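# Coordinate analysis (summary)
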Amino acid sequence: MFLGTGILPPTLAYLAAENTIRPVQKFKPKAGETPTPQEIWSKSIVQSLPDGEKLVEQGRNLYEAEQFNEAVLVLQQGVRAFAANGDGLRQAIALSNLSLAYQQLGEWEKAESAIAQSLNLLETGTSNEQKQILAQALDVKGRLQLSRGHPGDALITWQRAGEIYAQLNSRIGVTKSRINSAQALQALGLYRQAHHTLTSSIELLQNQPNSLLKATALRSLGNVLRVVGDLAASRQILQQSLTVAQAIQSSQAQADILLSLGNTARASGDIQAALQFYKLAAATSTLPSIQVQAKLYQMSLLLEQKKVTAALTLSEEIKSQIANLPASRTAIYAQIQLAESLIKLGNIVNYQDIGRLLAASVKQAKNLGDRRVESYGLGILGELYEAHQQLSDALITTEQALFLAGEIEAQDIAYRWQWQLGRLLKKQGNITGAIASYTSAVNTLQSLRYDLVAIDPNVQFEFRDRVEPVYRELVDLLLRTEGNIEPSQNNLKQARNTIEALQLAELENFFRSACLDAKPEQIDRIVEQENTTTAVIYPIILSDRLEIILKLPTGEKLRRYVTYQSQSEVEGTLEELGQYLREPDRTEDVKKLSRKVYGWLIESMETELEKNGIKTLVFVLDGALRNIPMAVLYDDEKYLVEKYAIALAPGLQLVDPKPLHRKRLTALMAGVSEKRQIEGQEFPQLENVSLELQRIQSEIPKNDALFNQTFTKTNLENQIKQETYSIVHMATHGKFSSKIEETYILTWNQLLKVRDLDNLLRNDSSNIELLVLSACETAKGDKRAALGLAGIAVRAGARSTLATLWPVDDSSTAFLMSEFYRQLAHSQAESGNEVTRAAALQRAQITLWNHKNQDWKRPYFWAAYVLIGNWL
């Protein structure tokens, strides 16, 4: 990571980093040892070490020992020495090293100044050696720009570095730049470009001979793929990396890769595989710091699995190993991580021992001048005090941690201390102060949305524990009643906007990228100016109650309704209702439970809805409510769909409601009717798909079809490129899951993952108004499965998505779809205007319900269909 007399590639180490920054190997390997990637990179610049460069070598040693303050002092002397000798090249190298050291300390302005001076000295160089150093200095600059939240600038810088590497015929350099650029593209939300860049990087690496550098580059790529959520590709590339490391017999490289494989397995939910990889990493590594890190990962997983005894035993091993680590950032981080895990054990561990461990960590960080680590240690110490109700001490240490994080602009940890401060103020009864702190935490998270996962990989494992509660707890505070005083309109609006922000955060965590074009400013405009008969309902599940915020049109104030039911009661009822809906013979049970949910959500606002002439309800659903079709809610006489057209929205900031152009309706239809076996899964025959597509053809004359063997990813892509369609209808198996890699649609010969669908349906000429998925289902047992449906809805490039929450392989599907398209293409509303998408679905469901086939009155047949997005 450090730049000796040659500039090392900091970005490779940066992208390979897991949860902590660990020490880099010493510059000179011992006899018989395999040189590290850093040594290989430094030797590629072929520099000798005359006596005048001892200061830079000393700075390297200090940097590698994570003595960053001391490294800065020595490097400053080196810069002055080279300047005095008129050696501009080595002065530039020392300045780039100095920038790296400043970056580690969070001294951003000084880091900017140092790298600017370095580049100024290098820009006029013409030799290959000077160009190589210039490219590597640009790597340092790009890393600094990304760290400071400027991914667009970082992308330009790394692309320039890549051009220089290409001129030098350095394939590894080009590959490194592409991996870096993919990070920047991901941070910008440009997933497709990032994916293409990573794919080209893979192709370049495959042609390289086996080497430590190849193994390291492949590991870096595997880590990036994990961060962006492509877990299958991450596993594949990391396994290739491991094969290379085994071929060159580098035990340390193998340990590093095993650690990465463990993290990918953990992200996939394969806990046993993750534990095994971590154990292998600890056993294989020759570095005590990596052994400790692997065991810390093991311990955190054991705690997740409630295996307390095993976690306690492992903690003793870790404690003794940490004691033998040299004083460094890595050792201090390890101590703090151990303390975090021990806090989770509660009263089983003596909290005073944990306090002493944290106090020692803070003291060591202060001695090193490492304000980031000091802030981290103080914050966790505050968490310990909070857990043991020492609120005054917790408040003092948390404020100190927050102050230090602010000084070095460490927003990724600052939000945690803002959140913690909010909790403490709430416990002290200072609700106004608590709301202010929580609001700061949410605002910080919003500012971090482009790079939170990239800078803190644990977020992808712990979103529900470390991000989601910040939003929910703020909403809880905002909607509290003080005596008989209801929450103010400002509080209601902030609560509504916070839930909108949480919806966005959940989806971006699902996609592992800030890929969504959110427009918060349009939330009120959509209802007030464009939909005079539409109401928007925000149900919010809190720990002790169900809050509902209602937005009526024509400038009406927000309304609040509350039902005091515990979260466990609400979620238990919804889970049971979801199970009964999938069983055709449980209609009475469905009515009973959907009556209860109707009472929670709709009953108290029914009068207001009628008084305002509401015809369409748009639900922004929360949590387990997303797995239930709102159409099925029952008031003892009628289902909700009999009274209102219904649509769902993943947040109004993600919806752009505009009427459908009926005169230009064109459809691309695709379906798979035959039994298929793909990727180890069996998909049964769908007997009614042919009938469904035939009926749709009669309603939408301008159409093309891909059926069975012709329904492939390639044909779908080509068809959409060649023609412009307003409707894409897919009658095939599909599954929606809270895991992006398990959300897919079946084509004839493969599973079309949600990312592939995004790439296929989005192009410059795409004008898809409606995507229909008529035989899909939400994953059973997955309480957050509807995230996958929402993900497809917002990323598919269509204004609206009509999908099924469970598959209904029956002629009723063909009948309902035919009626839906007939209403959409030919009918008019009572007002004389054309029927909206939501109203077309409502009419189709009611027509099915009134059919002479009495079986079709059962909710199983008509309630599975939900419209997401644009309801007009």
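## A word on the overall build of the protein
- Secondary structure assignment for the protein yields 37 helices and 15 strands.
- Looking at the protein residue by residue over its 872 residues, the buried ones come to 61%.
- Considering only contacts in the protein between residues 6 or more positions apart, those separated by 24 or more positions represent 71%.
- Carbon together with sulfur atoms contributes 47% to the accessible area of the protein, which is approximately 33200 Å² in total.

## Concerning the packing of aromatic side chains
- Enumeration over the complete set of coordinates arrives at nine aromatic pairs.
- Grouping aromatic residues by their ring pairs yields a cluster made of Tyr 634, Tyr 639 and Trp 862.
- In this arrangement the basic side chain of Arg 676 is found over the ring face of Trp 748, its NZ or CZ atom lying 3.6 Å from the centre.
- Positioned above the aromatic ring of Trp 849 is the side chain of Lys 857, whose terminal nitrogen or guanidinium carbon lies 4.0 Å from the ring centre.

## Observations concerning the side chain of Lys 295
- Its place among the elements puts Lys 295 in helix 15 (residues 288-304).
- Other than its neighbours up to four places away in sequence, Lys 295 contacts Ala 282, Leu 314, Glu 317, Ile 318 and Gln 321.

## Structural notes on the packing of helix 11 (residues 212-227) against helix 12 (residues 231-247)
- Running from N to C, helix 11 and helix 12 cross one another at 165°; their axes reach a closest spacing of 8 Å. With respect to their mutual orientation, helix 11 and helix 12 come out roughly antiparallel. Seen from above, helix 11 lies across helix 12 with left-handed handedness. Here helix 11 contributes Lys 214, Ala 215, Leu 218, Arg 219, Leu 221, Gly 222, Asn 223, Leu 225 and Arg 226 to the contact with helix 12, which in turn contributes Leu 231, Ala 233, Ser 234, Ile 237, Leu 238, Gln 240, Ser 241, Val 244 and Ala 245.
- Classifying every residue of the contact of helix 11 with helix 12 by side-chain character gives 10 nonpolar, five polar and three charged.

## Re the pairing of strand 5 (residues 645-648)
- Residues of strand 5 alternate between two faces, with Ala 645 and Ala 647 on one and Ile 646 and Leu 648 on the opposite face, all of them buried.
- As paired strands, strand 4 (residues 616-619) and strand 5 are joined by four bridges and run parallel to one another. Among the inter-strand pairings, Phe 619 is bridged to a residue of strand 5, identified as Leu 648.

## Some words on the environment of Thr 157
- Its location among the elements puts Thr 157 in helix 8 (residues 151-167).
- Residues Thr 157 and Arg 143, spaced 14 residues apart in sequence, show a C-alpha to C-alpha distance of 9.2 Å.
- If we skip the residues at most four places from it in the chain, Thr 157 touches Leu 138, Lys 141, Gly 142 and Gln 145.
- Side-chain polar atoms of Thr 157 contact the side chain of Gln 145, separated by 2.7 Å.

## A word on the nonpolar core
- Ranked by internal contacts, the top residues of the largest apolar core, which has 167 residues, are Phe 619, Met 630, Met 730 and Leu 771.
- For this core, the element with the highest residue contribution is helix 26 (residues 489-511), accounting for nine residues.
- Setting aside chain neighbours within four positions, we find Phe 619 in contact with Ile 537, Ile 602, Met 630, Leu 640, Ile 646, Ala 647, Leu 648 and Ala 649.

Calculation notes
- Residues numbered from 1 in each chain as written.
- Predicted model: local features only at pLDDT ≥ 70, side-chain atom pairs only at ≥ 80, totals over all residues.
- Heavy atoms only, no water.
- Helix = DSSP H or I, 4+ residues; strand = E, 2+ residues; numbered from the N terminus.
- Buried < 20%, exposed > 50% of the residue type's maximum accessible area, 1.4 Å probe, protein only.
- Contact = heavy atoms within 4.5 Å.
- Areas by Shrake-Rupley, 256 points an atom, 1.4 Å probe, with all protein chains shown as cover.
- Phe/Tyr/Trp six-rings, centres within 6.5 Å; stacked < 30°, edge-to-face > 60°.
- Lys NZ or Arg CZ within 6 Å of the ring centre and 35° of its normal.
- Axes fitted to C-alpha atoms, helices over the stretch in contact; angles between N-to-C directions.
- Parallel < 35°, antiparallel > 145°, perpendicular 65-115°, else oblique.
- Left-handed = near helix turned anticlockwise from the far one by under 90°.
- Nonpolar A, V, L, I, M, F, W, Y, C, P; charged D, E, K, R; others polar.
- Pairing = 2+ DSSP bridges.
- Polar contact = N/O pair within 3.5 Å; in protein donor to acceptor, adjacent residues only side chain to side chain.
- Core = buried A, V, L, I, M, F, W, Y, C linked by side-chain atoms within 4.5 Å.

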